Structures are given as C-alpha cells and as structure tokens.
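Coordinate inspection notes
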Amino acid sequence: MSKSDDSNLRPATKLAQGGRRPEWTGDPRLGGGVVNPPVWRASTILYDSVADLRARGHATHDKLYYGRRGTPTVWALADALTDFEPGAEGTLLYPSGVAAITAGLLALLAPGDHLLMVDSAYEPTRLFCDDMLKRYGVRTTYYDPLIGKDIAALIEPATKLIFLESPGSLTFEVQDVPAITAVARERGVVTMLDNTWATPLLFPALAHGVDVTMMSLTKYVGGHSDAMMGSLTATPTLWPRLRKATYQLGHSVSPDDCALMLRGLRTLDVRLARHAENGLAVARWLAERPEVGRVLHPALPGDPGHALWARDFSGTSGLFGFTLADADDAARARFVDALACFGIGFSWGGYESLIVPSDPAGIRTATTWTDRDALVRLSIGLEDPADLIADLERGLAALAA
Ligand SMILES: *Cc1c(COP(=O)(O)O)cnc(C)c1O
C-alpha cells in the first residue's frame with residue numbers, strides 16, 4: 001500500500017481516483033477493466049504449488065495470502081484512504097471505529113506506560129482506558145481539551161501517547177492540535193487523533209503534526225447509515241507497528257462493506273459541502289431563537305473554538321449541538337419527540353438528519369460541564385434545510401406544552 005502516485009492532485013480528485021489501480025480493476029484476460037474494484041470475497045487463497053505457498057507466506061500485505069490479510073477490495077479502500085491523507089504511509093481497517101481506537105492504543109502502549117487522553121473524548125474511548133487499559137497496567141490522565149501547549153506540564157517520563165479528538169464529542173471544543181503535536185514531537189511522545197468529525201478534507205491531520213489519525217468510517221465516509229468500519233492512517237515511522245499489532249489482534253473487514261465505504265468515499269466532497277451548508281443554515285436559525293441557550297458549533301463566530309477552527313480547518317461538517325434554555329429532561333424529551341424530520345438515534349454522518357439528547361456532565365473528570373440547560377446533538381443531513389427548520393420550529397413549540 002503505497003503513498004499517492006501523484007501527491008499534487010487535489011483532495012476531490014484523489015477521492016475520485018484513489019484505490020483504482022489497474023491490477024485491482026482490470027483483468028487482462030477479459031481485455032479491459034471496470035471502474036470499481038470488484039468485491040473479492042475470500043477466506044482461502046489457492047496456490048500454484050508448495051513453492052508458491054512458501055514464497056507468499058512471507059509476502060507483504062498486498063499479495064493474496066489468506067482472507068484475513070485482505071483482498072484487492074480491502075486494499076483499494078485502504079489505498080484510497082492513504083492517498084487522501086498527505087504524509088501517510090498506509091492505512092489499516094477495522095470492523096468499527098472503536099476497534100480502530102482500541103487497536104491503536106494496544107499497538108502503541110505497554111504495561112507501565114502513561115497515556116494523556118482528552119477529557120472530551122468519545123465515551124467508549126474513555127471506557128477502554130478506564131477498564132481494559134487499566135487492567136493491562138497503562139495509566140491514563142485526562143486533560144482539558146483547551147490545554148494547548150501547556151500539555152507539556154502533564155508529560156511524565158512514562159508518557160508514551162497523547163490522544164486528541166477535535167472538536168470534542170458532544171461538546172465540540174476545538175483543540176490546538178499544532179501546539180500539542182509540537183510539544184509531543186519535542187518530548188518524543190506519539191500523538192493519535194480521532195478525526196471523524198472533519199475527515200482529511202477539512203483537517204489533514206498528519207500535516208498538522210499528528211502521527212496516527214483515526215476515523216470512524218461509519219459516519220461521513222460511509223455516509224448512508226448502512227455499514228460500520230474504522231481506520232487508522234499513519235506516518236512511515238508508526239505504520240509498521242500498527243500493521244503488526246493489527247495482524248496479531250486478528251482484525252479483518254468484509255469486502256462487501258469495503259465496497260460500500262468506497263462508494264461513500266467517492267461522493268464525500270460533495271456530501272460534506274452540503275452537510276456543512278445545511279448545518280450552518282440550521283445553526284444560525286437556532287442561534288436567533290429565544291428558546292435556545294447556546295449553539296455549540298465551531299464555525300459560528302461566537303463559538304469559543306471559532307478562532308482555532310478558522311485557523312486550522314478548511315470547512316465544517318454538519319454535526320453540532322445546542323442547549324434548550326431553562327429546559328429540563330422532560331422538556332427536552334417533548335422537544336425531541338415532536339420532531340418528524342429528525343430520526344432519534346446514535347451515530348451520525350448519514351444522508352438523513354438525526355438528533356440525540358446528550359449529557360456530558362457525567363463523563364468529564366479533568367474539566368466540569370456546568371451548563372445546566374438540556375443539551376442535544378444534531379447530525380444535519382441532506383434534506384432541504386427549510387424543512388428541517390420548520391420541523392425544529394414545531395419542536396420548540398412543543399417545549400412550552
Ligand atoms: C462514532 C464514533 C466513534 C466510533 O465509531 P464506530 O464506528 O461507531 O465504532 C469514534 N469516534 C467518534 C468521534 C465517533 O463519533
């Protein structure tokens with residue numbers, strides 16, 4: 001799995017071309033190729049002879065060997081994701097975003113090590129640190145997402161990894177990623193970023209000093225709420241360690257799901273632009289409403305993370321939060337239940353709009369979530385924003401009831 005053949009191509013072009021190597025899309029015996037890498041389903045790979053079997057047993061990962069090591073459909077997705085991330089050596093795929101996070105942490109940490117984890121991390125990331133990593137002798141210290149270069153004071157001799165997620169889950173704090181990665185480089189600490197919200201289109205992570213970037217492909221890359229997968233994309237220095245650990249852990253993904261992810265990836269640029277536009281239309285409308293406490297959206301000028309977002313990101317996605325002023329749990333439920341265009345459900349990044357109530361107060365330890373107004377998270381889909389706004393207006397009317 002190699003670096004991009006032409007790294008000068010712009011991201012939208014790479015999304016159209018990535019992973020479509022002639023050896024994966026064309027069979028010379030048929031006299032031509034197809035546009036998309038076909039779905040190669042396999043457990044067993046057949047060999048010509050014992051000598052062939054022995055030779056390929058030591059092959060690199062992009063030779064057919066055994067189903068768990070992937071087939072051209074899997075490699076095409078990994079290759080496309082590597083092309084998409086400037087500075088990357090390779091990409092590994094996992095059955096979910098959480099599996100990508102846990103595999104990365106297991107690959108890069110050992111008993112006795114210390115981990116710095118952002119306090120606004122996705123909740124299952126915290127659970128893994130607090131339970132399994134702890135049992136395996138890895139200590140975790142949570143840090144304020146707004147810490148910036150002051151992270152230096154938290155680095156101990158045993159600190160091996162700083163984990164970032166920006167904007168933060170549920171609360172959308174923007175981290176000063178370049179400041180943190182600069183300190184980490186100086187102190188010899190590896191950095192890993194959950195970049196699911198932005199994707200490399202809006203935030204090329206390795207170019208901002210990150211060593212390993214993770215995405216839940218389940219969200220915007222898949223884009224249709226019908227498949228789950230995760231990825232880790234890394235620098236030349238770290239990729240071999242991740243690959244070795246991933247083989248040892250036995251992670252493997254379905255070629256059918258890879259074909260769905262490749263299909264999603266081809267339209268990511270146009271979808272994300274529409275998610276952004278619709279999301280901003282809804283967020284600006286909410287910000288004007290008296291029933292709304294505040295809107296947590298880094299692309300709005302009043303947002304505390306706006307300056308960092310404007311400096312580092314080239315756009316926004318369609319996931320953000322807002323609070324209902326003076327609303328308790330029951331009022332929030334009345335609001336959510338009154339909506340017809342928004343599905344109530346977890347996950348996000350699909351073409352359809354979703355809403356979930358969220359309660360960050362109980363999942364913070366380094367910082368305190370003091371806002372007492374009820375919070376909700378919106379994933380704005382590809383519907384006409386006027387219909388979404390009319391729906392939210394209905395919901396706000398139900399608040400008073
Ligand atoms: C959903 C999500 C994940 C986990 O992805 P799954 O594919 O659902 O396992 C990780 N990080 C963030 C920020 C997410 O929103």
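Computed from a predicted model, the values in this text were never measured in an experiment.

Quick word on the site of the ligand
Around the ligand, 16 residues are found, and the nearest of them are Gly97, Asp194, Ser216, Thr218 and Lys219. Interatomic distance of 2.6 Å between a side-chain N/O atom of Thr218 and an oxygen atom of the ligand. Here the ligand, which alone exposes 380 Å², has 92% of that area covered by the protein. Elements represented by at least two residues in the shell around the ligand include exactly helix H5 (97-108) and strand S8 (212-216). Broken down by element, the shell around the ligand gets its largest block of residues, three residues, from H5. Taken together, the residues of the shell around the ligand sort by class into seven nonpolar, six polar and three charged.

Quick word on the environment of Ala333
Note on placement: Ala333 falls in helix H13 (residues 329-337). For Ala333, a relative accessible area of 33% puts it in the partly exposed group. In this structure the C-alpha to C-alpha distance between Ala333 and Pro357, which are 24 residues apart in sequence, comes to 8.0 Å.

Brief notes about the packing of aromatic side chains
Within this structure, the stated rule accounts for five aromatic pairs. Following the ring pairs from residue to residue traces out a cluster consisting of Trp197, Phe203 and Phe313. Seen from the ring of Tyr142, Arg126 lies directly overhead, with NZ or CZ sitting 3.9 Å from the centre.

Focus on the environment of Arg271
The topology assignment puts Arg271 in helix H11 (residues 268-287). Owing to a relative accessible area of 7%, Arg271 belongs among the buried residues under this scheme. Sequence separation between Arg271 and Gly318 is 47 residues, and the spatial gap between their C-alpha atoms is 10.0 Å. Setting aside chain neighbours within four positions, we find Arg271 in contact with Tyr220, Val221, Gly222, Gly223, His224, Gly264, Leu265, Gly349 and Leu382.

What about the packing of H5 against helix H9 (residues 239-249)?
At their nearest, the axes of H5 and H9 sit 9 Å apart, and the two run at 115° to each other. One finds that H5 runs roughly perpendicular with respect to H9. In the packing of H5 onto H9, the handedness of the crossing is right-handed. Contacts between H5 and H9 involve Ala103, Gly104, Leu106, Ala107 and Leu108 from the former and Arg241, Leu242, Ala245 and Leu249 from the latter. Taken together, the residues that form the contact of H5 with H9 break down as seven nonpolar, one polar and one charged.

What to know about the side chain of Ser120
The residue Ser120 is located in the loop between strand S4 (114-118) and helix H6 (123-135) in this model. Apart from the residues within four sequence positions on either side, Ser120 is in contact with Pro145, Glu165, Gly168, Ser169, Thr171, Glu173 and Arg364.

Section: the nonpolar core
In this structure, Leu77, Leu93, Leu105, Leu115, Ile162, Leu286 and Phe335 are the most contacted members of the largest nonpolar core, which totals 114 residues. Looking at which domains feed residues into this core, each of domain 1 (11-266) and domain 2 (268-398) gives three or more. Excluding residues that lie within four positions of it along the chain, Ile162 makes contacts with Leu116, Tyr143, Ile151, Ile155, Ile180, Ala184, Val189, Val190, Thr191 and Met192.

Considering the pairing of strand S5 (residues 139-143)
Across five bridges, S4 lies against S5 in parallel orientation. The residue of S5 that forms the bridge with Leu115 is Thr140. You can see the chain leave S4, run along H6 and come back into S5, and the turn it takes is right-handed.

Some details on the domain arrangement of the chain
Domain annotation of the chain identifies domain 1 (11-266) and domain 2 (268-398). Using C-alpha coordinates to define each centre, domain 1 is positioned 27 Å away from domain 2. In total, domain 1 and domain 2 occlude about 3,400 Å² of area from one another, counting both sides; carbon and sulfur atoms represent 63% of this. Per-residue buried area on domain 1 facing domain 2 is highest for Leu170, Trp197 and Tyr220; these three make up 25% of the total on that side. At the junction of domain 1 with domain 2, the criterion picks out two salt bridges. Residue Glu173 pairs with Arg364 through a salt bridge whose shortest N-O separation is 3.3 Å. Where domain 1 touches domain 2, the interface holds 23 residue pairs in polar contact (both at pLDDT 80 or more). Elements with a minimum of two residues in the side of domain 1 that touches domain 2: helix H1 (11-17), H6, S5, helix H8 (199-202) and helix H10 (255-266). Considered class by class, the residues forming the side of domain 1 that touches domain 2 number 19 nonpolar, 14 polar and eight charged.

Points about the environment of Glu291
Residue placement: Glu291 occurs in the loop between H11 and strand S10 (292-296). Here Glu291 falls in the partly exposed class, since its relative accessible area comes to 21%. Residues Glu291 and Asp256, 35 residues apart in the sequence, show an inter-C-alpha distance of 45 Å. For Glu291, the contacting residues outside a window of four places in its chain are Thr323, Leu324, Ala325, Leu396 and Leu399. A polar atom in the side chain of Glu291 sits 2.8 Å from the side chain of Arg289.

Analysis parameters
- Residues numbered from 1 in each chain as written.
- Predicted model: local features only at pLDDT ≥ 70, side-chain atom pairs only at ≥ 80, totals over all residues.
- Heavy atoms only, no water.
- Near = heavy atom within 4 Å.
- Polar contact = N/O pair within 3.5 Å; in protein donor to acceptor, adjacent residues only side chain to side chain.
- Areas by Shrake-Rupley, 256 points an atom, 1.4 Å probe, with all protein chains shown as cover.
- Helix = DSSP H or I, 4+ residues; strand = E, 2+ residues; numbered from the N terminus.
- Nonpolar A, V, L, I, M, F, W, Y, C, P; charged D, E, K, R; others polar.
- Buried < 20%, exposed > 50% of the residue type's maximum accessible area, 1.4 Å probe, protein only.
- Phe/Tyr/Trp six-rings, centres within 6.5 Å; stacked < 30°, edge-to-face > 60°.
- Lys NZ or Arg CZ within 6 Å of the ring centre and 35° of its normal.
- Contact = heavy atoms within 4.5 Å.
- Axes fitted to C-alpha atoms, helices over the stretch in contact; angles between N-to-C directions.
- Parallel < 35°, antiparallel > 145°, perpendicular 65-115°, else oblique.
- Left-handed = near helix turned anticlockwise from the far one by under 90°.
- Core = buried A, V, L, I, M, F, W, Y, C linked by side-chain atoms within 4.5 Å.
- Domains from an automatic or database assignment.
- Pairing = 2+ DSSP bridges.
- Right-handed = clockwise from strand over helix to strand, strands pointing away.
- Buried area = accessible area lost by both parts, 1.4 Å probe.
- Salt bridge = Lys/Arg side-chain N within 4 Å of Asp/Glu carboxyl O.

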